[in-house]
Amino acid sequence: MAENFDVIVIGAGPGGYVAAIRAAQLGLKVAVAEKRATLGGTCLNVGCIPSKALLQSSENYHEALHGFADHGITLGSVSIDIARMQARKAEVVGANTKGIEFLFKKNKVTWLKGEAKFTGPNAVEVAGQGYTAKHIIIATGSDSVPLKGIEVDEKKIVTSTGALELDKVPGRLVVIGAGVIGLELGSVWRRLGAEVTVVEFLDRITPGMDNELSKSFQQILTKQGFTFKLGTKVTSAKVEGDEVALTLEPAKGGEAETLKADVVLLAIGRYAYTGGLNLEAAGVATDERGRVKVDHHYATNVPGVYAIGDVIAGPMLAHKAEEEGVALAEILAGQAGHVNYGAIPGVVYTWPEVATVGATEEGLKAQGVAYKVGKFPFMANGRARAMGALEGFVKLLSDKTTDKLLGAHIIGPDAGALIAECVTALEFGASAEDVARTCHAHPTLSEVVKEAALAADGRALHI
Ligand code: FAD
Ligand code: NAI
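Residues numbered from 1 in each chain as written. Chains lettered and ligands numbered in written order. Predicted model: local features only at pLDDT ≥ 70, side-chain atom pairs only at ≥ 80, totals over all residues. Heavy atoms only, no water.

If you check the shell around ligand 2, you find 21 residues, and the closest are I181, E184, E200, G269 and V347. F201 places a main-chain nitrogen or oxygen 3.2 Å from a nitrogen atom of ligand 2. At 3.1 Å, a backbone N or O of M316 approaches an oxygen atom of ligand 2. Coverage of ligand 2 by the protein chains reaches 78% of its 850 Å² of free accessible surface. Element by element, the count of residues in the shell around ligand 2 is highest for helix α6 (residues 180-191), at three residues. Considered class by class, the residues forming the shell around ligand 2 number 15 nonpolar, three polar and three charged. (Near = heavy atom within 4 Å. Polar contact = N/O pair within 3.5 Å; in protein donor to acceptor, adjacent residues only side chain to side chain. Areas by Shrake-Rupley, 256 points an atom, 1.4 Å probe, with all protein chains shown as cover. Helix = DSSP H or I, 4+ residues; strand = E, 2+ residues; numbered from the N terminus. Nonpolar A, V, L, I, M, F, W, Y, C, P; charged D, E, K, R; others polar.)

Attention shifts here to the pairing of strand β22 (residues 405-412). Of all eight residues in β22, seven are buried; the element is thus mostly enclosed. Relative to β22, strand β19 (residues 353-358) runs antiparallel, the two being bridged by six bridges. Its bridge partner being in β22, V357 is matched across the sheet by A408. The loop that links strand β21 (residues 393-399) with its antiparallel partner β22 comprises five residues; one of these, D403, has a positive phi angle of about 70 degrees. (Buried < 20%, exposed > 50% of the residue type's maximum accessible area, 1.4 Å probe, protein only. Pairing = 2+ DSSP bridges.)

What follows deals with the sheet that holds strand β15 (residues 263-266). Across the sheet, five strands lie side by side as β8-β15-β9-β10-β11; this open sheet has parallel pairing. Single-partner strands in this sheet number two, and they are β8 (157-158) and β11 (227-229). Sheet analysis places strand β9 (residues 172-176) next to strand β10 (residues 195-199), joined by five bridges and oriented parallel. Bridge assignment links V175 to a residue of β10, and that residue is V198.

Further remarks concern the site of ligand 1. Around ligand 1 sit 39 residues, and of these E34, T42, K52, A116 and A318 come closest. The separation between an oxygen atom of ligand 1 and a polar main-chain atom of C43 is 3.4 Å. A distance of 3.2 Å separates an oxygen atom of ligand 1 from a polar atom in the backbone of L317. About the coverage of ligand 1: the protein hides 95% of its 1,000 Å² of free accessible area. Of all the secondary structure elements, the ones that give two or more residues to the shell around ligand 1 are α1 (14-25), β2 (30-34), α2 (41-46), α3 (48-66) and α9 (318-332). A total of four residues in the shell around ligand 1 trace back to one element, the largest contributor, which is α2. Classifying every residue of the shell around ligand 1 by side-chain character gives 17 nonpolar, 15 polar and seven charged.

Encoded structure:
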């Protein structure tokens, strides 16, 4: 007899593992099928966590080389041990993935080790063993989008997974795609000494982000030594001995050029991953981009089958997947789970960080919403001066008539932490004045958020 559960989750990434823990907290009998040798999905194994470990190491190295002298700190010769840096990254990842195993045990969640495939609407098979469940949650995540004519070997032509594993600093790194992965991992290797050229199809970086923020971001990265080739497509990349030869063409047509690289990072987006799931056996429908189709309660077209995270529509972010995991578990337990898609932050963990939430200026214009802009630079903040981190600004957008906060866009030190206040304000339907009248500790970077809120009413104090 196939063992029966209340809930079987397929995939132990931030969507799946969080859904499982929450469902177990609510008294359901839960199992999670995961084919990877460790829990935590893309995020913990080859995504958020290892990338942040390398960003931290490379930032420390860069500071030691270029930042400490200004503080009067003299170091002997500074060098980087890539093997140690990678070993530390592996330790960080290991501690995190083990942490999820601990949480599964604590919450009595069963880990079904192996690839799950549907054998019917309420049944799956994992490692040759059949299981049934009242509810099955697809949380199989995403994978890197391939590019025609470019063969990834994860050594010379890499996806993010290979870019996290390089054992030496490439002399020349060419990044295809000026999105989040390209700029974060490009930053890691740039700080460690690589010449980084980013080739982007569109005529701007980070599409979808508030344009003013993107422009400032590009300028700052250019000062750091990044080279951008915008409005350009890569038509081929071939490994030739120790090098990779790329052919580039203007996106709108024109003469081709050749570019040589030691390593090429392909980072042109991710696609919903349902490989091996045998969705047909359950009859689960997907959309034109292969994403599992769901309604507002994460239900697919098949009763009892649900989907969350990167495998459904929406931003491919770990915290979005987590929120969906919690909401769905609560819905399955008879509660009223809900995700506010208007208040999901996005953070790019470069230096400086870039963080956004809510509407962009371009979005408000397109919708015909009248808005006010409150902007304040980090340069005019005492703490930022003390830190020597003067680049960037906070930009708040609020409704012209009601002053309700509609969007927040930050480029600057610790932007990822600063955006949390703006997300809370959005969630609570606060006005810019609410933020402006809130006492912010001095001297902190958060005062820049307060000043931007004051600026929305033309009354910033320190500029
Ligand atoms: P995933 O984390 O992809 O997990 C899916 C799991 O399902 C995988 O472990 C897979 O092995 C398993 N699986 C698939 N099919 C089966 C099957 N049939 N049977 C059993 N198991 C299966 N997001 C952020 O918010 N912040 C960041 O800083 C960030 N950094 C990133 C950096 C990189 C380099 C990358 C690639 C991504 C990053 N992301 C970041 C995105 C984030 O990793 C994803 O949004 C998140 O992991 C999605 O979670 P998920 O649970 O939907 O899927
Ligand atoms: P992305 O969607 O952020 O960026 C891809 C870029 O490639 C875009 O600028 C796009 O215009 C460009 N592009 C597409 N096709 C191209 C082509 N043929 N030639 C040149 N450029 C092309 O995707 P990315 O960077 O791969 O990241 C994937 C996902 O992972 C993102 O959705 C992101 O949300 C998530 N992620 C999140 C992070 C974070 O939250 N800090 C960090 C890393 C990844």
